[in-house]
There are 2 protein chains.
Amino acid sequence: MAESENQNELPQLVIIRPGPIFSMHEGLFGEKFRLLKAWESPEPLHKFLAKYAQSAEAILCSSVTPITADVLSLLPSLGVIACENTGVELIDLKECRERGISVTNAGPAFSRDVADMALGLLLAVAMRIPAADRYIRARAWPDHPCFPACNFKLRGKHVGIVGFGNIGSEVAKRLEAFGCKISYNSRKKKPYVPYEFYPQVIDLAYNCNVLIICCALTDRTHHMINRDVLKALGEDGIIVNVARGPIIDEQQLVMSLISQEIAGAGLDVFEDEPNVPSELFELDNVVLTPHRGAFTEEVFSNAFELTMANLEAFFSNEPLITPVNLHD
Amino acid sequence: MAESENQNELPQLVIIRPGPIFSMHEGLFGEKFRLLKAWESPEPLHKFLAKYAQSAEAILCSSVTPITADVLSLLPSLGVIACENTGVELIDLKECRERGISVTNAGPAFSRDVADMALGLLLAVAMRIPAADRYIRARAWPDHPCFPACNFKLRGKHVGIVGFGNIGSEVAKRLEAFGCKISYNSRKKKPYVPYEFYPQVIDLAYNCNVLIICCALTDRTHHMINRDVLKALGEDGIIVNVARGPIIDEQQLVMSLISQEIAGAGLDVFEDEPNVPSELFELDNVVLTPHRGAFTEEVFSNAFELTMANLEAFFSNEPLITPVNLHD
């Protein structure tokens, strides 16, 4: 009885559907919020939400929850959508902007791990590490002592970073240590970034040996890496994607890899996960990982802590820690 | 006729057996030296060398040429052994020291590429990149959407570098960018190195999450990484070897990996190359590459240029560029 009274005094937090590891962190949120668990209710979603129309000010949002204009219209008191992940492509950001709803994400909690993954994939492609590992496991070394093809030397190579946010800047920091020259493309030139800015991604590709995709998926970036960009990158070029699959025209990428219009690719993300184009399975110049960029134990705790900090800031009328910019 | 006269005026350079890609660089050396090609002579080696006993001052040495005390006794005029590679374990260094023969190697030409490989292997093990790539190629993602095990997060981890020469310091530079804490072991504490020095490798292992082996193979370092060191590294520990196979007791390493006494290994070198213990082929926490650390196109040109520069320095009585220290 005491607990339920307490619960009723806590601010409400709507959860439409929990992310895969929410349960590990549920206790933390349950202490500070009254959790409104839509997915546990027998009612249809719109009925469930309608009950809290006047009171619910916050949603905790995972990568599996679309927040559509319909959902938003059911929650007129909503002030914040706090995402426990990075990508906000399932949220109707335009509608949020019009309704004055803030959105926060936990991007910074993931960015260093995703940057590590970008380098891991780049080195794996450049040195053909999985192909070399397959060659040894196939017991080919003693009989065919010349493992084919030289490594792609990183030092002195020109790397283009597409999207220079948290992840992009962490990738740049790592590439510096490998002696790479760095340039970048983003919506606009960033003050204080010492690297050359290319307003057009095709010009960046034309001038670079490697492209690393680190930008958000938006209408503007969907299929931004198309055939022209891949051709500009050229037959010695390597592309790495640790952002979102649909930023690259995947069918075109497959063709460019097969026809050796580009030299190789390291892909942690795909257009239609968990489905990966099977043509890639035959290629030795491709390294494939199952959207695991930031999958470390520590990172999820950090992400939930950051999500919590955003929610606490909202309910204390403090500035949000990591708001998503809704105005580009 | 003119050419052969010219040839006779050039300083002599003995080559007992050429390395695998010497032919690509033969022209360069032929312009500056009279090449004494022992392997093309029908005479036995000792007879061939005896002819040049009074005149031959230099040997060009590859990774496939043992330079024994016997060979050295046949060439009393010898002043320098110029190695086109890094490791000098096939050269009787003690005998060289006693005879006042200098030895140079081309280590610095390779060190940055080998350091890149060390990071490539470390990231590949930490993020299970080849295992993830196998999982996707086996079409397992759609049916088993949880790829097992989290990544090993690098940031904040304590990495021990064993051998802090050219390669070790390049590895440290790269690890800094990933936010690792760095310590090292070497024969003696290095002035100007800002990292903590551990005189005993077992203490380094005990205090670190990762060991990266970058030292030369010598009597002192043979099987230096034994069971005690692996146990000290511990069940969450990762070991990377880009130096020489026999520095690790390989049979013990296999057992430690199978029994999960350590968490993983990235190995570019093995005790009995090209033979790799087949027990490793079954393990997902191991990444195997066929001694390819420095195998980039550019690196071999750089190595031969450096070898040439050492020879030219020797014949001009200038200080050698990259002498091997024969006094430890």
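Placed above this text is the structure.
None of these values were measured; they are calculated from a predicted model.

Undergrad: Whenever I open this one, the relation of the copies chain A and chain B confuses me. Can you help?
TA: Two chain copies, one operation linking them: a rotation about an axis together with a shift along it. When chain A is brought onto chain B, the operation consists of a screw motion whose angular component is 180 degrees and whose axial shift is 0.0 Å, with 0.1 Å RMSD remaining. Taken together, the turn and the small shift mark the pair as related by a two-fold rotation axis. Taking C-alpha positions as the reference, the residue of chain A nearest the rotation axis is Pro-130 of chain A, at 2.3 Å. The share of interface residues of chain A whose copies in chain B are also at the interface is 100%, consistent with both copies meeting through the same surface.

Undergrad: It is not clear to me how the environment of Pro-44 of chain A should be interpreted in this structure. Could you clarify?
TA: Residue and element names in this part refer to chain A. Mapped onto the secondary structure, Pro-44 falls in the loop between strand S2 (34-37) and helix H3 (45-50). Classification of Pro-44 as partly exposed rests on a relative accessible area of 41%. Distance from Pro-44 to Ile-248, taken between C-alpha atoms, is 36 Å for residues 204 residues apart in sequence.

Undergrad: It is not clear to me how the side chain of Asn-105 of chain A should be interpreted in this structure. Could you clarify?
TA: All names here are of chain A. As for its placement among the helices and strands, Asn-105 is situated in the loop between strand S5 (102-104) and helix H6 (107-126). Judged by relative accessible area, which is 13%, Asn-105 ranks as buried. Look past the residues within four positions of Asn-105 in its chain and what remains in contact with it is Cys-83, Asn-85, Thr-86, Val-88, Leu-306, Asn-310, Thr-322 and Val-324.

Undergrad: Which parts of the structure should I look at to understand the sheet that holds strand S9 (residues 210-213) of chain B?
TA: Sheets are built from strands paired through backbone hydrogen bonds, the pairs being either parallel or antiparallel. Residues and elements named next belong to chain B. Here we have 7 strands laid out as an open sheet, ordered S8-S7-S6-S9-S10-S11-S12, and parallel in their pairing. A single partner strand is all that each edge strand has here, and the edge strands are strand S8 (196-197) and strand S12 (286-288). Both strand S6 (residues 158-162) and S9 contribute to a ladder of 4 bridges, which runs parallel. Across the sheet, Val-162 pairs through a bridge with Ile-213, a residue of S9. Contacts from helix H6 (residues 107-126) reach S9, strand S10 (238-241), strand S11 (264-267) and S12 within the one sheet, and its direction differs from that of S10 by about 150 degrees.

About the criteria used
Note that residues are indexed from 1 along each chain, following the sequence as it is written. Each chain is given a letter, starting from A, and each ligand a number, starting from 1, according to the order in which they appear as written. Only residues with pLDDT of at least 70 are given local features in this predicted model, and only at 80 or more are side-chain atom pairs given and counted; all residues enter the totals for whole chains, interfaces and linings. Each side-chain value is derived from all of the structure's non-hydrogen atoms; neither hydrogens nor water enter the calculation. To line up the copies, we fit them by least squares on C-alpha atoms, keeping just the residues with pLDDT of at least 70 in both. Any two residues whose heavy atoms approach within 4.5 Å are treated as being in contact. A helix here means a DSSP run of H or I that spans at least four residues, while a strand means a run of E at least two residues long, and both kinds are numbered starting from the N terminus. Only protein chains enter the calculation, and the probe is 1.4 Å; a residue is then buried if its accessible area is under 20% of its type maximum, exposed if over 50%, and partly exposed in between. Pairing between strands is defined by DSSP: at least two bridges between the two strands are required. Here, axes are lines fitted to C-alpha atoms. For helices the fit covers the stretch in contact, and angles between N-to-C directions go from 0 to 180 degrees.

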